[in-house]
Amino acid sequence: MTMNLNSLTPSRLLVLIALSGTGMLVFGLYLQHVVGLNPCPMCIVQRYALIGVVVFGAMGWRLRGWGLTVAALLLAMTAGFGGFTAARQSWLQWYPPEVVTCGRDFYGMVENFPINRAIPMIFKGSGDCTKVDWTFLGGSIANWSFVAFVVFALAGLLIALKSRK
């Protein structure tokens, strides 16, 4: 069975987005916990945006009418925010500043701050936003994240437009 663009309904596209986002999250956790790459604060923000994309994609999967339109627009806005963050990180990687101000060292946070201040800092990430630890086809994680977020945002806008016709 072949799949053409006409068989790609808004519901199928939202499921595809949610599954793709979930795959990206799993891959990010693999890079963190198996490969040993420390996520930076911007990486953590992108993860939260990706979680939002997955949630809105899964929510919109079964909705129709205005509910579908709202879910698709929320997905597009969340993906736009993630894309903005990924673009900013890509910029920092291409043109690193003299002084890196992305975040603090994980162990330094735990040793120097009370636990009620250290826990929120831990979720901010501890890696260097300007450092490129991993590449695929010449693009960093931030570069590929930007591409994915742009695709998700455009798909969300397309779904919102199609659902209103």
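The notes below deal with the structure included here.

Cut-off values and rules
- Residues numbered from 1 in each chain as written.
- Predicted model: local features only at pLDDT ≥ 70, side-chain atom pairs only at ≥ 80, totals over all residues.
- Heavy atoms only, no water.
- Helix = DSSP H or I, 4+ residues; strand = E, 2+ residues; numbered from the N terminus.
- Buried < 20%, exposed > 50% of the residue type's maximum accessible area, 1.4 Å probe, protein only.
- Contact = heavy atoms within 4.5 Å.
- Areas by Shrake-Rupley, 256 points an atom, 1.4 Å probe, with all protein chains shown as cover.
- Polar contact = N/O pair within 3.5 Å; in protein donor to acceptor, adjacent residues only side chain to side chain.
- Patch = residues over 30% accessible without salt bridge, like charges linked within 9 Å, V, L, I, M, F, W, Y side chains within 5 Å.
- Salt bridge = Lys/Arg side-chain N within 4 Å of Asp/Glu carboxyl O.
- Axes fitted to C-alpha atoms, helices over the stretch in contact; angles between N-to-C directions.
- Parallel < 35°, antiparallel > 145°, perpendicular 65-115°, else oblique.
- Left-handed = near helix turned anticlockwise from the far one by under 90°.
- Nonpolar A, V, L, I, M, F, W, Y, C, P; charged D, E, K, R; others polar.

## Concerning the overall build of the chain
Within the chain, the regular secondary structure consists of six helices and two strands. Listing every helix and strand of the chain by position from the N terminus yields α-α-α-α-α-β-β-α. A total of 165 residues make up the chain; the buried ones form 39% of that total. Contacts in the chain between residues at least 24 apart in sequence constitute 79% of all its contacts with a sequence separation of at least 6. Split by element, the accessible area of the chain, about 10300 Å² in all, is 69% carbon and sulfur.

## A short note on the environment of Gly83
Relative to the assigned elements, Gly83 resides in helix 3 (residues 65-94). Placed 61 residues apart in sequence, Gly83 and Trp144 show a C-alpha to C-alpha distance of 9.9 Å.

## Digging into the side chain of Ser90
Here Ser90 lies in helix 3. Looking at Ser90, the relative accessible area reads 3%, which means it is buried. Polar side-chain contacts of Ser90 include one of 2.8 Å to the side chain of Asn143.

## Section: a nonpolar patch on the surface
A contiguous nonpolar surface patch, about 800 Å² in accessible area, is contributed by Leu73, Leu137, Trp144, Phe146, Val147, Val150, Val151, Leu154 and Leu157. If one sorts the elements of the nonpolar patch by residue count, helix 6 (residues 141-164) sits on top with seven residues. Mapping Trp144 onto the fold places it in helix 6. Under the relative-accessibility criterion, Trp144 is labelled partly exposed at 35%.

## Concerning the packing of helix 1 (residues 10-35) against helix 2 (residues 41-60)
At their nearest, the axes of helix 1 and helix 2 sit 8 Å apart, and the two run at 150° to each other. When the axes of helix 1 and helix 2 are compared, the pair comes out roughly antiparallel. At the point where helix 1 passes helix 2, the crossing takes the left-handed sense. On helix 2, the residues touching Leu14, Ile17, Ala18, Gly21, Thr22, Met24, Leu25, Gly28, Leu29 and Gln32 of helix 1 are Arg47, Leu50, Ile51, Val53, Val54, Gly57, Ala58 and Gly60. Residues that form the contact of helix 1 with helix 2 fall into these classes: 11 nonpolar, six polar and one charged.

## Here's the deal with the packing of helix 2 against helix 6
For the pair helix 2 and helix 6, interaxial distance at closest approach is 12 Å and the crossing angle is 25°. The angle between the axes of helix 2 and helix 6 places the two elements in the roughly parallel class. Seen from above, helix 2 lies across helix 6 with left-handed handedness. Contacts between helix 2 and helix 6 involve Gln46, Ala49, Leu50 and Val53 from the first element and Ala142, Ser145, Phe149 and Phe152 from the second. Tallied by class, the residues present in the contact of helix 2 with helix 6 amount to six nonpolar, two polar and no charged.

Geometry only, nothing functional implied.
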